[in-house]
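Residue-level structure breakdown
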Amino acid sequence: MRFVSFPLRLKTCSGNQVFSALRPIYKEIEKDQKGRTALELEMKHSYRKLKKTRSAQLIFAALSLFLLVPAGLLSGQETVPASGINITTWYLPIRTENRQSLHDVKLTPIGTFGTERRARPGIPAHLHTGIDLKRPNANYIDEPVFPAARGKVISLRNDGPFAQIIIRHSSENSMPVWTVYEHIAGIKVRHNDEVDPSLPIARFMTRAELNQYGWQFDHLHFEVMKAEPVRRQPERGKPFFYYGTYCLECHTLKDLDDKYHHPLDYLKYNWHQTH
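Residues numbered from 1 in each chain as written. Predicted model: local features only at pLDDT ≥ 70, side-chain atom pairs only at ≥ 80, totals over all residues. Heavy atoms only, no water.

Side note on the state of the cysteines
- If you walk through the whole model with that rule in mind, you get 0 disulfides.
- No disulfide involves Cys247; its sulfur sits 8.6 Å from the nearest other cysteine sulfur, which is in Cys250.
- On the accessibility criterion, Cys250 (0% relative accessible area) is buried. (Disulfide = S-S within 2.5 Å. Buried < 20%, exposed > 50% of the residue type's maximum accessible area, 1.4 Å probe, protein only.)

Written as structure tokens, this is what we have:
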């Protein structure tokens, strides 16, 4: 990791000048956790020696900010409200030419994140907590559904059109998140399985299944949860259905932001972090 000497003889400097000087350094910090720790120690040592001059205060504050805030927040790029930088490699949960690009992603007409869903019999009005990904091609036999990242299956149900898998993802540098895959069929994993994003966990429904349950389920409902799923008691016919989501409990944007990440923004953010 490179370290840079600052012109500390200057008694005054603008915040913008400091941030401009530090931006390339942050990119190095971001890539090197050991270097990050070393720089924190160096900062403490240097700050004591600099006798709290105006320029030293600005530089110290700016470096502290860079150590704590994701790069996108200062560059104007989209960011994800999170408690850490997740270094797990993330992918689209569907088969496309490039699973780290949104180029081939298409959503259903009412499948965007946060869309208002009207009340209907047995279901209250709510905001859509995920995205509904269209089938990526005309394969109605075995179109695969993949986990978005490495993780562990903590809950699943396999009971018709609302078949669902919930996966917990975690890394040393980030808070855990949970991904949800719903309206799936042909589940290939079991409770407590470790999953890999290169291997399918299920598939889209076939024509026969859609004829049985309804063509409104011809998509993959995908969520990224920041709040831990709701613990529940398994029931007859659903012995591994250990957790539920908040899909019918988000009535305001605050509810949504407290419990969920925007799936596409979350993927784009993590692709930015790993490239």
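Don't stop here, the text continues.
Overview of the nonpolar core
- Ile165, Tyr181 and Ile201 are the most contacted members of the largest nonpolar core, which has 43 residues in total.
- Elements supplying a minimum of two residues to this core: strand S3 (131–134), strand S5 (151–157), strand S6 (164–171), strand S7 (174–182), strand S10 (219–225) and helix H7 (263–273).
- Residues Tyr140, Ala185, Met205 and Phe217 belong to the second largest nonpolar core, which totals 5 residues. (Core = buried A, V, L, I, M, F, W, Y, C linked by side-chain atoms within 4.5 Å. Helix = DSSP H or I, 4+ residues; strand = E, 2+ residues; numbered from the N terminus.)

Some points on the pattern of salt bridges
- Tallied over the full model, the rule gives 12 salt bridges.
- In this structure, the salt-bridge partner of Arg95 is Glu143, at a minimum N-O distance of 3.2 Å. Here the residue Arg95 occupies a position in the loop between helix H4 (71–75) and strand S1 (116–117), and Glu143 occupies one in the loop between S3 and strand S4 (144–145), the gap between them amounting to 48 residues.
- Residue classification places Glu143 among the buried positions, given a relative accessible area of 0%.
- In this structure, Lys226 and Asp257 form a salt bridge, with 3.6 Å as the shortest nitrogen-oxygen distance. Of the two residues, Lys226 sits in the loop between S10 and strand S11 (230–231) while Asp257 sits in helix H6 (residues 253–259), which places them 31 residues apart along the sequence. (Salt bridge = Lys/Arg side-chain N within 4 Å of Asp/Glu carboxyl O.)

What about the packing of aromatic side chains?
- Under the definition given, this model contains 5 aromatic pairs.
- Ring centres of Trp90 and Tyr266 lie 5.2 Å apart, and the angle between their planes is 85°; this geometry places the pair in the edge-to-face category. In this pair, Trp90 sits in the loop between H4 and S1 while Tyr266 sits in helix H7, placing the two residues 176 residues apart along the sequence.
- Ring geometry for Phe162 versus Phe217: centroids 5.4 Å apart, planes at 80°, classification edge-to-face. Separated by 55 residues along the polypeptide, Phe162 in the loop between S5 and S6 and Phe217 in the loop between helix H5 (207–213) and S10 bring together distant segments of the chain.
- The class for Phe217 is buried, based on a relative accessible area of 11%. (Phe/Tyr/Trp six-rings, centres within 6.5 Å; stacked < 30°, edge-to-face > 60°.)

Let's talk about the environment of Glu116
- Within the fold, Glu116 resides in strand S1.
- Judged by relative accessible area, Glu116 falls into the exposed class, the value being 69%.
- Taking C-alpha positions, Glu116 is 6.3 Å from His128, a pair spaced 12 residues apart along the chain.
- With near-sequence residues (within four places) excluded, Glu116 lies in contact with His126 and Leu127. (Contact = heavy atoms within 4.5 Å.)

With respect to the pairing of S5
- Burial within S5 is extensive, with 6 of its 7 residues counted as buried.
- Sheet topology note: the S5/strand S8 (residues 194–195) ladder contains 2 bridges and is antiparallel. Among the inter-strand pairings, Gly151 is bridged to a residue of S8, identified as Val195.
- As paired elements, S5 and S6 share 5 bridges and run antiparallel to each other. Its bridge partner being in S6, Ser155 is matched across the sheet by Ile166.
- Between S5 and S6, which pair antiparallel one after the other, the connecting turn spans 6 residues, and Gly160 there sits at a positive phi close to 95°. (Pairing = 2+ DSSP bridges.)

Some remarks on unusual backbone geometry
- Unlike most non-glycine residues, His183 shows phi in positive territory, near 65°.
- Given the relative accessible area of 9%, His183 is considered buried.
- We note that Asn192 has phi near 80°; this positive angle belongs to a residue other than glycine.
- By the element assignment, Asn192 lies in the loop between S7 and S8.
- You can call Asn192 partly exposed: its relative accessible area is 42%.

Interpretation in functional terms is not warranted from these geometric data alone.
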